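Examination of the molecular architecture
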Amino acid sequence: MISYILRRLAISVVVLFLATIMVFILVAESGNPLALLRENPHTPKSTILAREKLLHLNDPLWQRYWIWLSHAIHGDFGPTVAGQPVGPQLTAHLYVTLRMVILATILSIFLAISIGVIAALRQGKATDHVATFTNFLFLAAPTFVVGILLKQFVAIPINLHLNRTIFYTNGDQSPTLTGSFWQRLPDYAGHTVLPTICLILVTYSSWAIYQRSSILDTLDSDHVRLARAKGIKPRRVLMRHVLRNALIPVTTVIALDFAGVLGGAVITEIVFGWQGLGVWFLNGVTNLDVNITLAYLLITAVIVILFNLMADIIYAFLDPRIRYD
Amino acid sequence: MRRSRRWMAAVTMVGMGAILLAACSSSGSSSPTTNASSTASVKTGGTATMALDEDLAGFNINTSASNEFVLQEIMNLVWPQTYIINSNLQPVLNTALVTSVKVTTNPQTIVYTINPKAVWQDGVPINADDFIYNWQTQSGNPAYTDVGHAAYQPAGTTGYNQIASVTGSNPPGGAKCEAGSAADQNAGLCPNGDTVTVKFSTPFADYKALFGDLVPAHIGRVVGWNTGFAGPTQAISGSWYTIQSYSANSSVVLVRNPKYWSTPGKLDKIVFSFVNDDTAEVPGLQNGEFQVINPSTVNLSIVQTAQQVTGINRVTAPGLEFEHFDFNEANPYLAKLAIRQAIAYGTNRPEIIAHTIGEIDPSIKPLGNRMYVNSQAQYVDNGSQYDTVNTAKAESLLKGLGFKKGSDGYFQPNYGPEKGQDFSLQIQSTSGNTTRAQTEQLFQAQMKTIGIKITIQNYDANTFFGTNLPDGDYQIGEFAWVSSPFVSANQSIYCSYTNTNNCGQNWIHYANPQVDKLLAEGAAALSPATETAKFNAADKLLWADMATLPLYQKPQYFAFSSKYGNIVPNTSETGITWNAQAWGVKAA
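Residues numbered from 1 in each chain as written. Chains lettered and ligands numbered in written order. Predicted model: local features only at pLDDT ≥ 70, side-chain atom pairs only at ≥ 80, totals over all residues.

Thoughts on the nonpolar core
Counting 229 residues, the largest nonpolar core has Val78 and Tyr494 of chain B as its most contacted members. When residues in this core are grouped by element, the largest group, 15 residues, is from helix 10 (residues 234-271) of chain A. Once you skip the residues sitting within four places of it in the chain, Tyr494 of chain B turns out to touch Asn506, Tyr510, Val515, Leu519, Ala538, Leu542 and Ala547 of chain B. (Core = buried A, V, L, I, M, F, W, Y, C linked by C-beta atoms within 7 Å. Buried ≥ 20, exposed ≤ 12 C-beta atoms within 10 Å, placed from the backbone. Helix = DSSP H or I, 4+ residues; strand = E, 2+ residues; numbered from the N terminus. Contact = placed C-beta atoms within 7 Å.)

Listed below in structure tokens is the structure:
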């Protein structure tokens, strides 16, 4: 197992290296990040020269990449186009995004598994129809629509009715928030509820559909029929023989999807005014900011690799037949 | 999303007196601005939150890295300014900082008398040294350097580069002038003086644009001007409010400056909260999370949504931004005056307005001036002959050039690369902008009527503004110019393109020595009346030459809680916070 993990990590490093080269070339060749600054005739030449020097814009491409790589290995992701260090920005934005994404992912997993299992066990009945319809509805609904509906038809009416702000529509906390963690908790919750619900609704649906199919497949398998024939209690059959096996494919999907959730959170972040990783990346691409783009790529790629690795490890626990050499 | 603005609505400020590009469009309805900064009776205390559409890149508004509109809206209340642009777009002396200003000529000399009570938040007096430092940092003179001998990186040097010297005198209480130091570059300049004498090497009419957002010299010289104000700690106050906290990506909280020496601000706190999307601002206002919004990109949807909200005031005020068509005279056809005039006569500007921006503000009219917009007192309509379409005139101008109409209704030139073919021109603009896309389609249809085939090709803002326009890689361009009340900044757009140093924004390859002369005289005129007359005369010539075709003045949209008083929109680069010290919760 250990050698397998090490082998996977070694391959991942190579993949990461190639990905950074590709992204670096694509972004660096997309245009001049100082173009808007240059076009203003009031910007002194010395200012532009200093910025070019800071960003190494006059160096050959390979040299710029090497400068970035040699610094990135030591955790220094270089400056933004505006001259600010990328590292602290990355940490701040990552924290904001993870606060929403981790909670939403955990709750989505529980919701997806629960709804998937219930729908499969009630196959063809009203519960199944309602669950399937709802799953497909949220699967089809654009994130921004769900977000806006939550604001307009949940947050604002409730707040107006109660004549106080319970649900916030913008930001991850109130700017003037003070006090201990427990005193701040209601404010955090008020800001987190809507974006988290939004992200859950657009995330859980595909997992729930997959979970339902997986359970139905497992229910028809020989080992489940044998377990039933042996007279094992239905609850025990479900928990030990059905659910455990049915979770294997879903685990793969969730692990692969996590990076998607991380990236997909950008729309939720925009709608609810969270200054997360996605918004930061979007601005980075817009401003042709190579260092921001590469830092985002690196962090999301590492997360993808780790989650895939985790999925492989979880397989081994869920299915004793799986062995890694 | 904005300027960021950029991009987005990301409009990047380039400092007082500068002109900038807007990469965005659309806007809001009508109601005039007022000059009143404090008319309603308001209580002392409370908090107001304003939505801002992008995070900050630092706190020194004068550097190229941090020169953003959103920061200006904050620093209006934190760093002292000699003049404040009021809601009538007029610079008004900040008498709390400077008790008097005397202007003399030959050479142009400005003498500022600093209020002896004026102090920075740390108790250090605001004195001549602050003026000396702010001049040196923005002068563009390599002799003056930052900490570590780094070159200063100002957003602009306009005006400061025409100053020959800044010296202090009359230290408070009859004290002697301090020697200053060579290292601080204020040796022998009486840095502790309360009187500041600014001598210009060449006249600069818009001197009121200078010494806004004074950086504290005694801090800047220690921490560095370029990067020392990256965080809020060093950005100490010399005005009504001070920065209590800055949470990256989230908010800035201002509280009253305890050391402010004049009438204190009404509100206890003013909070600036960052949003990612302009469309999120109205729900935030409705939900009580914001009390003031000024979305950078305004569309019908935002306006209509805001109309459903109760308990708020909505104001659509004419801004300093105007949409126009650029004609690149490097093109062999657009080089001919008759063709540019034919296009202008064939362009139905009222129709374009009615189907785009007029849906938000029906009162908008075609713009008849490039130097001043309709809402400025100096505005004169120099382009009224183009207010209505004149198809016959347009066609006769083309026929006069020897162009013949083909069976498909398009003219065919008798020279150049399109000789014997349908006369075709391309219009470019920024992609993803609905208003501009609609304008281009209407323009295409209108030009078909007069026999010119128009093709549309749009690019992302960075390519359009960063490459195509400066490189002259376009024929007709549609975008907005955003000016300041300081009209001399227009010189760089319309003075002859052959003068590359000063006319870097003349992408249309326009050249007229008479216009050059008028612009130069206007920029050097110390009399406002003379300045206005010269710039209006230059604009008249630009109409005669049909250098560009102004379309309309773009409005700005403001909405704010009706529970608050003294909130007065300001469409200059100062922003709505120009009088935020007077904002407050209305008295019952």
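Resuming the write-up.
Describing the sheet that holds strand 8 (residues 163-169) of chain B
Strand pairs in the sheet, formed through backbone hydrogen bonds, run parallel or antiparallel to each other. Residue and element names in this part refer to chain B. Across the sheet, four strands lie side by side as 6-7-9-8; this open sheet has antiparallel pairing. Two strands lie at the open edges of the sheet, namely strand 6 (98-104) and strand 8, each paired on one side alone. Sheet twist, expressed as the mean angle between neighbouring strand axes with direction ignored, is 15 degrees. Pairing of strand 6 with strand 7 (residues 109-114), which is carried by six bridges, proceeds in the antiparallel orientation. The residue of strand 7 that forms the bridge with Val98 is Ile114. (Pairing = 2+ DSSP bridges. Axes fitted to C-alpha atoms, helices over the stretch in contact; angles between N-to-C directions.)

Examining the interface of chain A and chain B
Contacts between chain A and chain B engage 43 residues on the former and 50 residues on the latter. Put simply, the parts of the chain that give the side of chain A that touches chain B at least two residues each are helix 2 (35-38), helix 3 (45-55), helix 5 (86-121), helix 7 (143-162), helix 10 and helix 11 (277-286) of chain A. Take the side of chain A that touches chain B: its biggest share by element is five residues, from helix 7 of chain A. Residue classes in the side of chain A that touches chain B are distributed as 17 nonpolar, 22 polar and four charged. (Nonpolar A, V, L, I, M, F, W, Y, C, P; charged D, E, K, R; others polar.)

Remarks on the confidence of the model for chain A
Summarising the model, chain A shows a mean pLDDT of 86, and 96% of its residues fall at 70 or more. When mean pLDDT is compared element by element in chain A, helix 6 (residues 126-140) of chain A scores highest at 94, while helix 2 of chain A scores lowest at 70. (pLDDT = per-residue confidence, 0-100.)

A few points about the packing of helix 5 of chain A against helix 8 (residues 181-219) of chain A
Any two packed helices are characterised by the angle at which their axes cross and by the distance between the axes. Residue and element names in this part refer to chain A. One can describe the packing of helix 5 onto helix 8 by two numbers: an axis separation of 6 Å at closest approach and a directional angle of 35 degrees. Crossing of helix 5 against helix 8: the hand is right-handed. Split into classes, the residues belonging to the contact of helix 5 with helix 8 amount to 20 nonpolar, six polar and one charged. (Left-handed = near helix turned anticlockwise from the far one by under 90°.)

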